[in-house]
Amino acid sequence: VVSTQSTGYVIGDEEDLGIALGRSLAVKMVQTKYFLLLDDDTVLNDNTDIELLAEILDTTDATLVGGKVENNSHFAGYFRFALGPYGRSLFHYNGACPLANETLPNYPSCMRCDTTTNVFMAKTADVLEVGCWSRELKVKEHKDLFLRLKAGGKKVVYCPGFTVYNRKQRPKISIETGYTKLKIGRSLQMRKMFNGIWNVDHHLEAGAWFFQPRRDLCDEENAIIQVTLLGPNTRTHTILNLN
């Protein structure tokens, strides 16, 4: 059921819709070339230059351009796949984008990256092409989208000079409500599902200081991981552990 209101649309077609499916439904309703994604607790400031993001999408090969959340500054990072004694692993190096030294031509304050925060502008057609967010994932949906973009050969750019602020306040929830137990259970379930989607045994967060630009974490012959990307047309992509 979709109902219109003066401020936009209210979408609610099933119980436990989830943020991933909700965002995907929203993008499918977009009628413009680009869309801007912001969380509902995002505060704009004088450095929230939306025109800059649109300009980069207009003049470069970027599919998505993201900015920096002032009080959550280290999420933008790089993915690396590795094969080792514990199986296939996926690493996300938080805050590693500046270390790769891949600045964008004509935009020296912006750089190539694999992930950004939930503050970005993207090409609607490209996000639809990779299937948007995974319907099944209630958690880990953000990394899943950026892996879909990487697998589809789509370029991501990070502009730390474009900033917003997150005013999120953690609610005071009693353990007696069972919320904490439910949250932990759901997180474990989604982690297992995420690993299955991307054919890895583990996925780990790592600090930027462990990131080594343009260097494999494993032998080149083992650096190819086949993953299935579900989009408008189901296909199989190859992700290389090389930049």
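What you see is a predicted model; the values in this text were computed from it and never measured.

Our focus in this paragraph is the sheet that holds strand 12 (residues 202-207). Taken together, three strands build an open sheet; the order of strands is 6-7-12 and the sheet is mixed. The open sheet has two edge strands with one neighbour each: strand 6 (77-84) and strand 12. On average, each strand axis in the sheet is inclined to that of its neighbour by 25°, with strand direction left out of account. Pairing between strand 6 and strand 7 (residues 87-94): eight bridges, direction antiparallel. Paired with Gly 84 across the strands is Gly 87, a residue of strand 7. Most of the contacts of helix 4 (residues 141-151) go to strand 6, to which it runs at about 80°, and overall it touches strand 6, strand 7 and strand 12.

What follows covers the pairing of strand 7. Once strand 6 ends, the chain turns through two residues before running back antiparallel as strand 7. Relative to strand 12, strand 7 runs parallel, the two sharing six bridges. Across the sheet, the residue bridging to Tyr 93 is Ala 206, located in strand 12.

It is worth spelling out the pattern of salt bridges at this point. Where charged atoms of side chains with opposite charge meet at close range, the side chains can pair. The final tally for this structure, using the stated rule, is eight salt bridges. One salt bridge in this structure joins Arg 23 and Asp 39, with 3.0 Å as the shortest N-O distance. With a gap of 16 residues between them, Arg 23 in helix 1 (residues 19-28) and Asp 39 in the loop between strand 3 (34-37) and strand 4 (42-44) connect regions that are remote in the sequence. By relative accessible area, which is 10% here, Arg 23 ends up buried. Here Asp 39 falls in the partly exposed class, since its relative accessible area comes to 25%.

All right, on to the environment of Arg 191 then. Summarising the element assignment, Arg 191 is placed in helix 5 (residues 179-197). For the pair formed by Arg 191 and Lys 138, sequence separation is 53 residues and the distance between their alpha carbons is 9.9 Å. In contact with Arg 191, not counting residues within four places along its chain, are Lys 140 and His 203.

We now examine a nonpolar patch on the surface. A cluster of nonpolar side chains, namely Leu 36, Leu 38, Leu 44 and Ile 50, defines an oily patch on the protein surface of about 290 Å² accessible area. Assignment of secondary structure puts Leu 38 in the loop between strand 3 and strand 4. Given the relative accessible area of 33%, Leu 38 is considered partly exposed.

Residue pairs three or four apart in sequence face the same way in an α-helix, which turns once every 3.6 residues. Residues of helix 1 that are buried: Ala 20, Leu 21, Arg 23, Ser 24 and Val 27. All buried residues of helix 1 lie within an arc of 160° about the axis, which places them on one face of the element. For helix 1, the elements touching its buried residues are strand 3, helix 3 (124-129) and helix 4.

Attention now goes to the nonpolar core. Buried together is how nonpolar side chains tend to be arranged in soluble globular proteins. Residues Phe 35, Phe 120 and Trp 133 are the most contacted members of the largest nonpolar core, which totals 25 residues. Sorting the residues of this core by element identifies helix 1, strand 3, strand 6, strand 10 (120-123), helix 4 and helix 5 as the ones contributing at least two each. Ranked by residues supplied to this core, first place goes to helix 4 with five residues. Sequence-distant contacts of Phe 35, that is, excluding residues within four places in its chain, are made with Val 27, Val 30, Phe 120, Met 121, Ala 122, Lys 123, Thr 124, Val 127 and Trp 133. Membership of the second largest hydrophobic core comes to 16 residues, among which are Leu 53, Leu 57, Val 157 and Val 164.

Now for a negative patch on the surface. A contiguous patch of negative charge, built from Asp 49, Glu 51, Glu 55 and Asp 58, is present on the exposed surface. Taking relative accessible area as the criterion, Glu 55 reaches 41% and is therefore assigned partly exposed.

Once that is clear, we can look at the state of the cysteines. This structure, assessed with the given rule, holds two disulfides. One disulfide bridge connects Cys 110 with Cys 159, the sulfur atoms lying 2.1 Å from each other. In this structure, the disulfide formed by Cys 110 and Cys 159 twists by about 115° around the S-S bond and is classed as right-handed. One end of the pair, Cys 110, is in strand 9 (residues 107-113); the other, Cys 159, is in strand 11 (residues 155-166), with 49 residues separating them in the sequence. Given a relative accessible area of 1%, Cys 110 falls into the buried group. Residue classification places Cys 159 among the buried positions, given a relative accessible area of 1%.

What counts, and where the lines are drawn
- Residues numbered from 1 in each chain as written.
- Predicted model: local features only at pLDDT ≥ 70, side-chain atom pairs only at ≥ 80, totals over all residues.
- Heavy atoms only, no water.
- Pairing = 2+ DSSP bridges.
- Helix = DSSP H or I, 4+ residues; strand = E, 2+ residues; numbered from the N terminus.
- Axes fitted to C-alpha atoms, helices over the stretch in contact; angles between N-to-C directions.
- Contact = heavy atoms within 4.5 Å.
- Salt bridge = Lys/Arg side-chain N within 4 Å of Asp/Glu carboxyl O.
- Buried < 20%, exposed > 50% of the residue type's maximum accessible area, 1.4 Å probe, protein only.
- Patch = residues over 30% accessible without salt bridge, like charges linked within 9 Å, V, L, I, M, F, W, Y side chains within 5 Å.
- Areas by Shrake-Rupley, 256 points an atom, 1.4 Å probe, with all protein chains shown as cover.
- Arc of directions from axis to C-beta.
- Core = buried A, V, L, I, M, F, W, Y, C linked by side-chain atoms within 4.5 Å.
- Lys, Arg positive; Asp, Glu negative; His and termini not counted.
- Charge placed at Lys NZ, Arg CZ, Asp CG, Glu CD.
- Disulfide = S-S within 2.5 Å.

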